[in-house]
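Listed here are the chains, written in short residue letters.
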Amino acid sequence: MTLTARPPAVAGTFYPRDPATLARDVDRLLAAAAAPARESPKAIIVPHAGYVYSGPVAAGAYRAVAAARERIRRVVLLGPAHRVAVRGLALPAASSFSTPLGDIAIDQSLVARVRHLPQVCVDDRCHAPEHSLEVQLPFLQRVLDDFTLLPLVVGDASPAEVAQVLRAVWGGPETLIVISSDLSHYLPYREAVSTDRATLDSVLRGDAALTHDQACGATPVNGLLEALRGTGLTPTLIDLRNSGDTAGDRDRVVGYAAVGYSAHAAAAGADPGPALLALARAAIAEALGLPAHRPAADASLAVDGAVFVTLTLDGELRGCIGSLEAWRPLREDTTANAVAAALRDPRFPPLTREEFERVRVEVSLLSAPVSVAARSEAEAWAAVRPGVDGVILAWGTHRATFLPQVWAQLPTPREFFAHLKRKAGLGEDFWADDIRLARYTVRKWVET
């Protein structure tokens, strides 16, 4: 018998059953999320654990979506099958999905666009117990006005089959694509941090070859990455944490990420990464008196920007100098910091001509720093996102920063801050009420 409305399956376990409590908890998670640095995304990847675990990470993506609450009228939601196996992608027969916050109508016009595809079936059995879709709905109900829903449980399907479905319902700015997936499962904390960082690097590169060991929603994520090709949309890593950072122990953790895809970078011009790398290498070559091949004039390098240039040799740091705030054109900032990293980093002797050919150049483009209010070091730990945020720490004349890349070596906030304070010339246990903190994100490019 076909249900008119699919009732909630995990209310009271993954999230509160009481409507007022649920609305309050979701609103608190949204308020605590970092303000989005870019325009509202067309597509997002979000986790799907209980709210106490993954809610803070998912909230970052949904806060970015909220900016388009009056524009978005349709949501296409894909998540992996956890309880009932299915071949292909399964639509519900139900006409609506219910949560404690109300009913959401199934978009029958979108159903009609994909129902005929051979990889699409109708199966309420896999929808009935599935939490990967359900936990997204209260967030959507709090950040959007009226909208309709196309929910699809994804089972055994190829990336091409998923991408074909997504392209059929892609729509315009009125349609939001939501892909539900957690990352690694039940690894020790340090191993999970390293594994999930590598997975996100693949996602951000657009590599549609994730395995289910990397992400339980690998199939819908791979399909999204394939569907994104040629759209001009670019990714932003909004958050990356695991249950050991939010509410669980660190012996066996589950990884969570929030990623948004928007047209912001495409509208601003071509990807500046290749030009920045070529410029940095040319600047170092010129400083060493070697032949240099500077890239052609690029309008994207004329805007003010803050850049760090990092040099590595045989996998070891060989120099790192940069700017924390945008105060000169990217072309000038990259040139100056590349030369400084090669020749004037006080931790290393100047780079030699013999080393130049073997040195690897990495360029990080920083976002504007955002102040962090923390009354204690524990609050500071909770306010930053491991693997995502770079941190600036200042006290009196002491000042230091770590780029987000440093989380790979110092994966816990305790370790990260201890070493950052040491870099600033302070004791690892030092804390003062007037310490000033700021966080930022980066887009990075590395020579291959």
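Report follows, based on the coordinates.

1. Quick word on the overall build of the protein
Then, number 1: Looking only at helices and strands, the protein features 16 helices and 20 strands.
Then, number 2: Taken over the C-alpha atoms alone, the protein extends approximately 80 × 50 × 35 Å along its principal axes.
Then, number 3: Considering only contacts in the protein between residues 6 or more positions apart, those separated by 24 or more positions represent 77%.
Then, number 4: Distance between charge centroids for the protein: 2 Å, based on 46 positive and 50 negative side chains.

2. Quick word on the side chain of Glu-226
Then, number 1: Following the sequence through the fold, Glu-226 ends up in helix α9 (residues 218–228).
Then, number 2: It turns out Glu-226 is buried and unbridged, and the closest side chain with the opposite charge, Arg-229, is 4.2 Å from it.
Then, number 3: The residues touching Glu-226, leaving out its near neighbours within four places in the chain, are Pro-159, Ala-160, Ala-163, Arg-167 and Ala-208.

3. Observations regarding the packing of helix α7 (residues 159–168) against α9
When two helices pack together, their arrangement is captured by the angle between the axes and the distance separating the axes.
Then, number 1: Where α7 contacts α9, the axes come no closer than 7 Å and their chain directions differ by 60°. Of the possible angle classes, the one that applies to α7 and α9 is oblique. Crossing handedness for the pair α7 and α9: right-handed. Where α7 approaches α9, its residues Pro-159, Ala-160, Val-162, Ala-163, Leu-166 and Arg-167 are matched on the opposing element by Thr-219, Pro-220, Asn-222, Gly-223, Leu-224, Glu-226 and Ala-227.

4. Re unusual backbone geometry
Then, number 1: Not every positive phi belongs to a glycine, and Tyr-186 is a case in point at roughly 65°.
Then, number 2: Counting through the fold element by element, Tyr-186 comes out in strand β10 (residues 185–187).
Then, number 3: The class for Tyr-186 is partly exposed, based on a relative accessible area of 47%.
Then, number 4: Not every positive phi belongs to a glycine, and Asp-314 is a case in point at roughly 55°.
Then, number 5: By the secondary structure assignment, Asp-314 is in the loop between β13 (306–313) and β14 (316–322).

5. Thoughts on empty space enclosed by the protein
Then, number 1: Tallied over the entire structure, the rule returns one cavity of 30 Å³ or more.
Then, number 2: Estimated volume of the largest cavity: approximately 70 Å³.
Then, number 3: Ile-45, Ser-181, Leu-183, Thr-199, Leu-200, Val-203, Leu-210, Ala-215, Val-221, Ala-257 and Val-259 together form the lining of the largest cavity.
Then, number 4: Those elements giving two or more residues to the lining of the largest cavity turn out to be α8 (189–205) and β12 (253–262).

6. Focus: α9
Then, number 1: Among the eleven residues that make up α9, eleven are buried, leaving the element largely enclosed by the rest of the structure.
Then, number 2: Of all the positions in α9, only Ala-218, Thr-219, Pro-220, Val-221, Asn-222, Gly-223, Leu-224, Leu-225, Glu-226, Ala-227 and Leu-228 are classed as buried.
Then, number 3: Positioned one or two residues after α9, Gly-230 has a phi angle of 85°, which is positive.

The rules behind these values
Residues numbered from 1 in each chain as written. Predicted model: local features only at pLDDT ≥ 70, side-chain atom pairs only at ≥ 80, totals over all residues. Heavy atoms only, no water. Helix = DSSP H or I, 4+ residues; strand = E, 2+ residues; numbered from the N terminus. Contact = heavy atoms within 4.5 Å. Lys, Arg positive; Asp, Glu negative; His and termini not counted. Charge placed at Lys NZ, Arg CZ, Asp CG, Glu CD. Buried < 20%, exposed > 50% of the residue type's maximum accessible area, 1.4 Å probe, protein only. Salt bridge = Lys/Arg side-chain N within 4 Å of Asp/Glu carboxyl O. Axes fitted to C-alpha atoms, helices over the stretch in contact; angles between N-to-C directions. Parallel < 35°, antiparallel > 145°, perpendicular 65-115°, else oblique. Left-handed = near helix turned anticlockwise from the far one by under 90°. 1 Å grid on protein atoms, 1.4 Å probe; cavity = no way out; pocket = protein on both sides within 12 Å on 5 of 7 lines; lining within 4 Å. Points joined across faces, edges and corners; volume = space filled by probe spheres on them.

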